[in-house]
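# Understanding the architecture of this molecule
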Amino acid sequence: MSDLRCPRCHYDLAWVPGQWTSSCPLRGTCTECGLEFEWALLHSPALAAPEWFVEHPVRQPRFGFVRTLARLVLPWRFWRQVPMDVPLDVKRLFTFVVMILVTMHALKVAERVITHVVWDTFFNSGVPNSWTSVPWWMEREIVLRYAFYPYDVFMYVDPDERSVGAIVDVFVRLGFLVIGGMLVVTPMSFLLLSTSLRRAKVHARHLWRAAAYAVTWVALWGMIGLGVTLVALVNLRMSYWITDAFYRSISVIMVSAAAIWFLFFWAGACRSFDIDHPKSVAFGMLAIGGLTGLVASVAYAGLLNGLFFM
Ligand SMILES: [Zn+2]
């Protein structure tokens, strides 16, 4: 038998069944936070967990990682299927996050290698310079760089250029910083700043879970990047593929898609916490995370470039 705790605030409710005299109620109300719950799910939380879920309390689902990742593409639906009644499994949650990071890295390496091979084949064949005279995979430096650090996501921005493209580049950079803030700072702002969460006495374990599944976005980011590369390769519209305009439009789409994904993710999570105004709370906390990321990075960049000393 699992220990009987409130699904939301984790308050110990094991004493309650001892008070039952004439009947066993199906539903109960937490005396601490006021959450209504089903006693059956408290006794056997496996009943509340979907069979594909990596944190399933009793079984180890087949391809649980892939199936959970697939559900997270639509985060609003994911949170509908993963209620608070499913207990947190720290070990499996941690494994999930590590696997997400490994997946993202592998996807990025693949993207860079494919891009490099295509570039090498179509544009530098026959050019007698040092890095085309030997195949790229023979050059240790390039291989090491791609294997360990394939993340050249930012384009060079020329500070003297005043074209529309240059302005878009700046906004894309800032957009990525906003997304970074949403990823890192938003879970903390929920913990420290959300009065709705505190009023509802939502236990921190639910935030840990949400913060962990929010990392999924980086794997989706890697998939979109590789997908775009493959599509460009199949179409072989090389003249378009290599233009800055193409990279700019992809970057704008990636940043916007990430912001929308985070909004649905946290709104779904807040709804599953059963708190008041879940959508507004999610929006507010994402705004705090995004702005913090932006301000911190702009300040850092300003310090680096000596902007503040001019
Ligand atoms: Zn409670």
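Here's what I pulled together on the structure shown here. (Residues numbered from 1 in each chain as written. Predicted model: local features only at pLDDT ≥ 70, side-chain atom pairs only at ≥ 80, totals over all residues. Heavy atoms only, no water.)

Tyr213, Phe262, Phe265 and Trp266 are the most contacted members of the largest nonpolar core, which totals 68 residues. Built from parts of two domains, this core gets at least three residues from each of domain 1 (1-43) and domain 2 (62-309). Residue contacts for Phe265: discarding those within four places in its chain leaves Leu72, Pro75, Trp79, Ala210, Tyr213 and Ala214. (Core = buried A, V, L, I, M, F, W, Y, C linked by side-chain atoms within 4.5 Å. Buried < 20%, exposed > 50% of the residue type's maximum accessible area, 1.4 Å probe, protein only. Domains from an automatic or database assignment. Contact = heavy atoms within 4.5 Å.)

In this section: the coordination of the zinc ion. Ideal values differ by geometry: the angle at a metal is 109.5 degrees with four tetrahedral donors, but 90 or 180 degrees with six octahedral donors. Around the zinc ion, the protein contributes the donor atoms Cys6 (SG), Cys9 (SG), Cys30 (SG) and Cys33 (SG), at 2.2 to 2.3 Å from the metal centre. Viewed at the metal, the four donor atoms of the zinc ion are separated by angles of 107 to 113°, and the geometry they form is tetrahedral. Mapping the donors of the zinc ion onto the primary sequence yields the spacing C-x2-C-x20-C-x2-C. Residue classification places Cys30 among the buried residues on the basis of a relative accessible area of 3%. (Donors = N, O, S within 2.8 Å, 3.2 Å for Na, K, Ca; no water. Tetrahedral: all angles 85-135°; square planar, octahedral: opposite > 155°, others 65-115°.)

The next point concerns the packing of helix H9 (residues 204-214) against helix H12 (residues 244-272). Packing of H9 against H12 leaves a shortest axis separation of 11 Å and a crossing angle of 160°. Taken as axis vectors, H9 and H12 run roughly antiparallel relative to one another. The interaxial crossing formed by H9 with H12 has right-handed handedness. Between H9, through Leu207, Ala210, Ala211, Tyr213 and Ala214, and H12, the contact on the second element is made entirely by Trp261, Phe262, Phe265, Trp266 and Ala269. For the contact of H9 with H12, the class distribution of residues is ten nonpolar, no polar and no charged. (Axes fitted to C-alpha atoms, helices over the stretch in contact; angles between N-to-C directions. Helix = DSSP H or I, 4+ residues; strand = E, 2+ residues; numbered from the N terminus. Parallel < 35°, antiparallel > 145°, perpendicular 65-115°, else oblique. Left-handed = near helix turned anticlockwise from the far one by under 90°. Nonpolar A, V, L, I, M, F, W, Y, C, P; charged D, E, K, R; others polar.)

Buried residues dominate H9, accounting for eight of its eleven residues. Along H9, the positions that sit buried rather than exposed are His206, Leu207, Arg209, Ala210, Ala211, Ala212, Tyr213 and Ala214.

Here the phi dihedral of Phe63 falls at roughly 55°; this positive angle occurs in a residue that is not glycine. Residue placement: Phe63 occurs in the loop between helix H1 (39-43) and helix H2 (64-71). Classification of Phe63 as exposed rests on a relative accessible area of 59%. The phi dihedral of His277 is positive, around 50°, even though this residue is not glycine. Of note, His277 is situated in the loop between H12 and helix H13 (278-305).

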